[in-house]
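The chain contents come next:
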Amino acid sequence: MNPYILATLLFSLGLGTTITFASSHWLLAWMGLEINTLAILPLMAQQHHPRAVEAATKYFLTQATGAATLLFASTTNAWLTGQWDILQMSHPLATTIAILALSLKVGLAPLHTWLPEVLQGLDLTTGLILSTWQKLAPFALLLQIQATNPTILIILGITSTLIGGWGGLNQTQLRKIMAYSSTAHLGWMILVLQFSPTLTLLTLLTYLVMTSSTFLVFKLNKSTSINMLATSWAKTPALTTLTPLILLSLGGLPPLTGFMPKWLILQELTKQDLAPIATLAALTALLSLYFYLRLSYAMTLTMSPNNVAGLTPWRLHSPQLTFPLAILTMLTISLLPLTPTILTLLTL
């Protein structure tokens, strides 16, 4: 792709998200979401492959549906209450429709079915943008909506953690596994959204760091399926040793970074007298943990049949930039000891 076109598209992506962040009026927020969607479509379809074009088409249709529903919700709210302000959305009907529209845009279950299919049709770089940056604008709106009926958020959260864990069990394609992982993590964020928005923000930040490092590992190894992970020993031995820690951090095992948000969310749910929900959420985390362990096993404890030529790639210098991966891997593995400091900042 022409570097000028690429720069324009990336600038538009940033602009769309920033407009949504900065808006207090529903129409402006909707405009930001639309700019965001239109900017990523050429990045998705740049490969001229039928799967990529199909993914871009599916993504466009789902995002357009979500945006239209959101516009309908805000118009309904303005009609019933006379308010266009995001923070003033008070009518239960409009609030529920807006939450469902934003759930469709980020890929929360049961509105998640487009996400694995779309992610599977993209290359790893565009998949990384879709799994991280594209979640920010809808989440900024979800954080601002005061849910008048908290039950819907809990139902969406538990359904997402369950389906996110269950759906990834039988997958062999890494991008589909990351899509289900994304749904499960978003479920955890939604569960605690109404009780502690700052905790949701912390979970979102840790999710962005962990998912980015996982995608960059797959990109460096050029791996798109579980079987292709077995060749990573020959390419990047040191990184292959660290990758299970990244994956287990995604699964939420102590003493890794991913344990922190899960621990704090379970604690907050218990404080709110929702011990059964907390127990169910903790059990669904085991489902996700299984497929992260499966990836770790495939990467470190299996060896693909290699000839001499296949064992030599580690000697060749990789042209890919590894500094971002190094920083993100360090953050993914070692942030848990900072929990007391983060808790202090959250309660300020």
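Rules used in this analysis
Residues numbered from 1 in each chain as written. Predicted model: local features only at pLDDT ≥ 70, side-chain atom pairs only at ≥ 80, totals over all residues. Heavy atoms only, no water. Core = buried A, V, L, I, M, F, W, Y, C linked by side-chain atoms within 4.5 Å. Buried < 20%, exposed > 50% of the residue type's maximum accessible area, 1.4 Å probe, protein only. Contact = heavy atoms within 4.5 Å. Phe/Tyr/Trp six-rings, centres within 6.5 Å; stacked < 30°, edge-to-face > 60°. Helix = DSSP H or I, 4+ residues; strand = E, 2+ residues; numbered from the N terminus. Lys, Arg positive; Asp, Glu negative; His and termini not counted. Salt bridge = Lys/Arg side-chain N within 4 Å of Asp/Glu carboxyl O. UniProt positions renumbered as here; feature names shortened; annotations may be inferred. Axes fitted to C-alpha atoms, helices over the stretch in contact; angles between N-to-C directions. Parallel < 35°, antiparallel > 145°, perpendicular 65-115°, else oblique. Left-handed = near helix turned anticlockwise from the far one by under 90°. Nonpolar A, V, L, I, M, F, W, Y, C, P; charged D, E, K, R; others polar.

**Observations concerning the nonpolar core**
Stage number 1. Counting residues in each nonpolar core, the largest one holds 41 residues, and the members touching the most others are Met44, Tyr59, Val118, Leu130, Phe218 and Leu295.
Stage number 2. If near-sequence neighbours (up to four positions away) are discounted, Val118 is found in contact with Met44, Ala55, Lys58, Tyr59 and Leu130.

**Here's the deal with the packing of aromatic side chains**
Stage number 1. By the definition in use, this model includes three aromatic pairs.
Stage number 2. Geometrically, the ring pair formed by Phe291 and Tyr292 is tilted, given 4.9 Å between the ring centres and 55° between the ring planes. The exposure classification of Phe291 matches that of Tyr292, with both residues buried.

**Focus on the environment of Leu108**
Stage number 1. Position of Leu108 relative to the elements: it lies in the loop between helix H4 (92-106) and helix H5 (114-120).
Stage number 2. We classify Leu108 as buried; its relative accessible area is 0%.
Stage number 3. It is 5.6 Å that separates the C-alpha atoms of Leu108 and Thr183, two residues lying 75 residues apart in sequence.
Stage number 4. Not counting chain neighbours up to four residues away, the residues in contact with Leu108 comprise Ser103, Ser160, Leu186, Gly187 and Ile190.

**Details of helix H6 (residues 124-131)**
Stage number 1. Across the eight residues that make up H6, a large majority, seven, are buried.
Stage number 2. Every buried residue of H6 is accounted for by Leu124, Thr126, Gly127, Leu128, Ile129, Leu130 and Ser131.

**Here we look at the environment of Leu335**
Stage number 1. Within the secondary structure layout, Leu335 lies in the loop between helix H16 (323-334) and helix H17 (339-346).
Stage number 2. Under the relative-accessibility criterion, Leu335 is labelled partly exposed at 22%.
Stage number 3. When the C-alpha atoms of Leu335 and Met260 are compared, they prove to be 8.4 Å apart, with 75 residues separating the residues in sequence.
Stage number 4. The residues touching Leu335, leaving out its near neighbours within four places in the chain, are Thr257 and Met260.

**Overview of the side chain of Lys262**
Stage number 1. Within the element layout of this structure, Lys262 appears in helix H14 (residues 259-271).
Stage number 2. Buried charged residue Lys262 carries no salt bridge. Nearest counter-charge: Glu268, at 17 Å.
Stage number 3. Beyond its immediate sequence surroundings of up to four residues, Lys262 is in contact with His185, Trp188, Leu250, Gly251, Gly252 and Ala285.

**Let's talk about the UniProt feature "transmembrane region" (unreviewed entry) in the chain**
Stage number 1. As recorded in UniProt, the feature "transmembrane region" (unreviewed entry) lies at residues 60-80, 92-115, 151-170, 233-254, 274-293 and 325-346.
Stage number 2. End C-alpha atoms of residues 151-170 are separated by 30 Å, and the span's content is 90% helix alongside 0% strand.
Stage number 3. Taken end to end, residues 325-346 comprises 82% helix and 0% strand; its first and last C-alpha atoms sit 27 Å apart.

**Digging into the packing of helix H3 (residues 50-81) against H4**
Stage number 1. With their axes 8 Å apart at the nearest point, H3 and H4 run at an angle of 165° to one another. Here H3 lies roughly antiparallel to H4, going by the angle between them. Viewed along their axes, H3 and H4 form a crossing whose handedness is left-handed. Taking contact as the criterion, the partners of Thr62, Gln63, Thr65, Gly66, Ala67, Thr69, Leu70, Phe72, Ala73, Thr76 and Asn77 in H3 are, on H4, Leu93, Ala94, Ile97, Ala98, Ala101, Leu102, Leu104 and Lys105.
Stage number 2. When its residues are assigned to classes, the contact of H3 with H4 shows 11 nonpolar, seven polar and one charged.

**What to know about the pattern of salt bridges**
Stage number 1. All chains considered together, the criterion is met by three salt bridges.
Stage number 2. Note that Glu54 and Lys58 form a salt bridge whose closest N and O atoms lie 2.8 Å from each other. Placement of the pair is Glu54 and Lys58 together in helix H3, with a separation of four residues, close to one helical turn.
Stage number 3. Owing to a relative accessible area of 35%, Glu54 belongs among the partly exposed residues under this scheme.
Stage number 4. Look at Lys58 and you get partly exposed, because its relative accessible area is 29%.
Stage number 5. Lys58 is paired through a salt bridge with Glu117; the nearest N and O atoms lie 3.9 Å apart. Highlighted residues: Lys58 in helix H3 and Glu117 in helix H5, separated in sequence by 59 residues.
Stage number 6. When its relative accessible area of 31% is taken as the criterion, Glu117 is described as partly exposed.
Stage number 7. A network of salt bridges, in which partner residues are shared, links Glu54, Lys58, Glu117 and Lys176.

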